[in-house]
Amino acid sequence: MLELNKITKQYGRKKALDQVSLTLKEGVYGLLGPNGAGKSTLMSLITGNLAPTSGQIFWDGTEILKMGAAYRSLLGYAPQQQGLYDNFTGLRFLSYMAALKGIPKKKQKEEIHRVLSCVNMADEAGRLIGTYSGGMKQRILVAQAILGNPRLIILDEPTSGTDPRERVRIRETIKNMSGDRIILVSTHVVSDIESAAGEIILLREGSIVDQGTVPDLCRKWNQAENLEQVYLQVFKKRAAGKEAAYDLSYPV
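Residues numbered from 1 in each chain as written. Predicted model: local features only at pLDDT ≥ 70, side-chain atom pairs only at ≥ 80, totals over all residues. Heavy atoms only, no water.

Asks: Break down a nonpolar patch on the surface for me, with residues and values.
Replies: Residues Tyr85, Tyr96 and Leu100 make up a contiguous nonpolar surface patch of roughly 300 Å² in combined accessible area. Residue classification places Leu100 among the exposed positions, given a relative accessible area of 56%. (Patch = residues over 30% accessible without salt bridge, like charges linked within 9 Å, V, L, I, M, F, W, Y side chains within 5 Å. Areas by Shrake-Rupley, 256 points an atom, 1.4 Å probe, with all protein chains shown as cover. Salt bridge = Lys/Arg side-chain N within 4 Å of Asp/Glu carboxyl O. Buried < 20%, exposed > 50% of the residue type's maximum accessible area, 1.4 Å probe, protein only.)

What follows is the structure, given as structure tokens:
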């Protein structure tokens with residue numbers, strides 16, 4: 001279980017997150033919100049890359065900042081930024097990440113084959129990452145995140161740059177992994193997370209606006225027909241004196 005207790009993250013006078021409390025148990029959670037909502041900050045805090053200004057994050061009752069390497073061994077993270085080793089092949093990159101994660105050498109080959117198959121990259125693993133398309137780089141990032149079957153997986157825009165067929169594959173991979181771990185997915189492809197997530201977290205201006213299953217949110221927000229309609233209602237804004245919705249074609 002992952003618990004966030006009144007987490008605040010402040011940069012100067014700006015609060016990126018303000019008193020955020022969450023309890024996440026096994027399953028898939030979708031994180032939605034407009035640009036600047038605090039999603040990236042929230043993920044960086046959960047992964048331990050940032051420390052909160054105030055508040056605490058616990059894994060099974062122990063504060064993560066006190067767990068060190070033990071917490072990192074539980075974690076798989078795929079950032080949206082694709083700062084990869086362009087001179088590495090996909091296979092070498094995954095071997096390197098497997099070593100960092102402490103996966104025994106005799107098990108690495110089988111595990112790397114498993115994750116490459118999950119993201120449909122087995123045939124491309126021998127190529128240099130510098131020759132990959134943006135979508136292929138994203139799939140390799142997802143592959144390294146799921147190496148070693150981590151109990152907590154954080155995915156930031158995992159289908160960014162992928163074609164519709166690969167988006168379905170990644171979505172199905174996420175769903176199939178959800179039985180005995182926590183998976184938190186931030187995405188702007190609302191339809192992807194609608195079918196994969198057990199619960200949706202709606203974040204705006206550093207605060208949680210709402211949280212629940214897709215059916216519950218649809219009933220609550222004016223009997224919306226789907227998650228996209230919920231999104232449009234929750235994150236509406238005023239532009240030039242008129243109501244307008246955030247553009248869903250851009251990352252949220």
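Back to the text.
Asks: Give me the pairing of strand E8 (residues 182-186): which residues, what numbers.
Replies: Among the 5 residues of E8, 5 are classified as buried, and the element is accordingly described as predominantly covered. Covered by surrounding structure in E8 are Ile182, Leu184 and Ser186 together with Ile183 and Val185, the residues of both alternating faces. Direction of pairing for strand E3 (residues 27-32) relative to E8: parallel, over a ladder of 5 bridges. Looking at the pairing, Val28 lines up with Ile183 of E8. (Helix = DSSP H or I, 4+ residues; strand = E, 2+ residues; numbered from the N terminus. Pairing = 2+ DSSP bridges.)

Asks: I'd like a description of the packing of aromatic side chains, backed by residues and values.
Replies: Under the defined criterion, the tally for this structure stands at 5 aromatic pairs. Taken together, a centroid distance of 5.7 Å and an interplanar angle of 80 degrees make the contact between Tyr85 and Tyr96 edge-to-face. Here Tyr96 lies in helix H3 (residues 90-100) and Tyr85 lies in the loop between strand E6 (75-78) and H3, a separation of 11 residues in the sequence. You can call Tyr85 partly exposed: its relative accessible area is 38%. For the ring pair Phe88 and Tyr96, a centre distance of 6.2 Å and an interplane angle of 90 degrees mean the geometry is edge-to-face. With relative accessibility at 14%, the residue Phe88 sits in the buried group. Exposure remark for Tyr96: the relative accessible area of 34% places this residue in the partly exposed category. (Phe/Tyr/Trp six-rings, centres within 6.5 Å; stacked < 30°, edge-to-face > 60°.)

Asks: Can you break down the sheet that holds strand E10 (residues 207-212) residue by residue, with the values?
Replies: Spatially, 6 strands are ordered E6-E7-E8-E3-E9-E10 in an open sheet, and the strand pairing comes out mixed. Among the strands making up the open sheet, the edge pair consists of E6 and E10. Adjacent strand axes in the sheet meet at a mean angle of 15 degrees, parallel and antiparallel pairs treated alike. Of the strand pairs in this sheet, strand E9 (residues 199-204) and E10 are connected by 5 bridges, and their pairing is antiparallel. Across the sheet, Ile200 pairs through a bridge with Gly212, a residue of E10. Packed on one face of the sheet, helix H5 (residues 134-145) meets E6 and strand E7 (152-156) and runs near 175 degrees to E6. Strands in contact with helix H9 (residues 227-234) are E3, E9 and E10; relative to E9, the strand with the most contacts, it is inclined by about 20 degrees. (Axes fitted to C-alpha atoms, helices over the stretch in contact; angles between N-to-C directions. Contact = heavy atoms within 4.5 Å.)

Asks: Please give an account of the pattern of salt bridges that cites residues and values.
Replies: For the structure on display, the rule yields 10 salt bridges. One salt bridge connects Lys15 with Asp18, and the closest N-O pair in it is separated by 3.7 Å. Taking relative accessible area as the criterion, Lys15 reaches 39% and is therefore assigned partly exposed. Overall, Asp18 belongs to the partly exposed group, its relative accessible area being 30%.

Asks: Explain unusual backbone geometry to me, using residue names and the numbers behind them.
Replies: A positive phi angle, close to 50 degrees, is found at Lys6, a residue other than glycine. As for its position among the elements, Lys6 is in strand E1 (residues 2-11). We classify Lys6 as partly exposed; its relative accessible area is 49%.

Asks: Lay out empty space enclosed by the protein with the relevant residues and their values.
Replies: As enumerated under the stated definition, the model contains 2 cavities of 30 Å³ or more in all. Its volume calculated, the largest cavity comes out at about 60 Å³. Lining the largest cavity are Pro158, Thr159, Arg171, Ile174, Val185, Thr187, Asp192, Ile193 and Ala196. When contributions to the lining of the largest cavity are tallied by element, the ones reaching two or more residues are helix H6 (164-176) and helix H7 (190-196). Per-element accounting of the lining of the largest cavity gives the leading share, 3 residues, to H7. Counted by class, the lining of the largest cavity contains 5 nonpolar, 2 polar and 2 charged residues. By volume, the second largest cavity amounts to about 40 Å³. (1 Å grid on protein atoms, 1.4 Å probe; cavity = no way out; pocket = protein on both sides within 12 Å on 5 of 7 lines; lining within 4 Å. Points joined across faces, edges and corners; volume = space filled by probe spheres on them. Nonpolar A, V, L, I, M, F, W, Y, C, P; charged D, E, K, R; others polar.)

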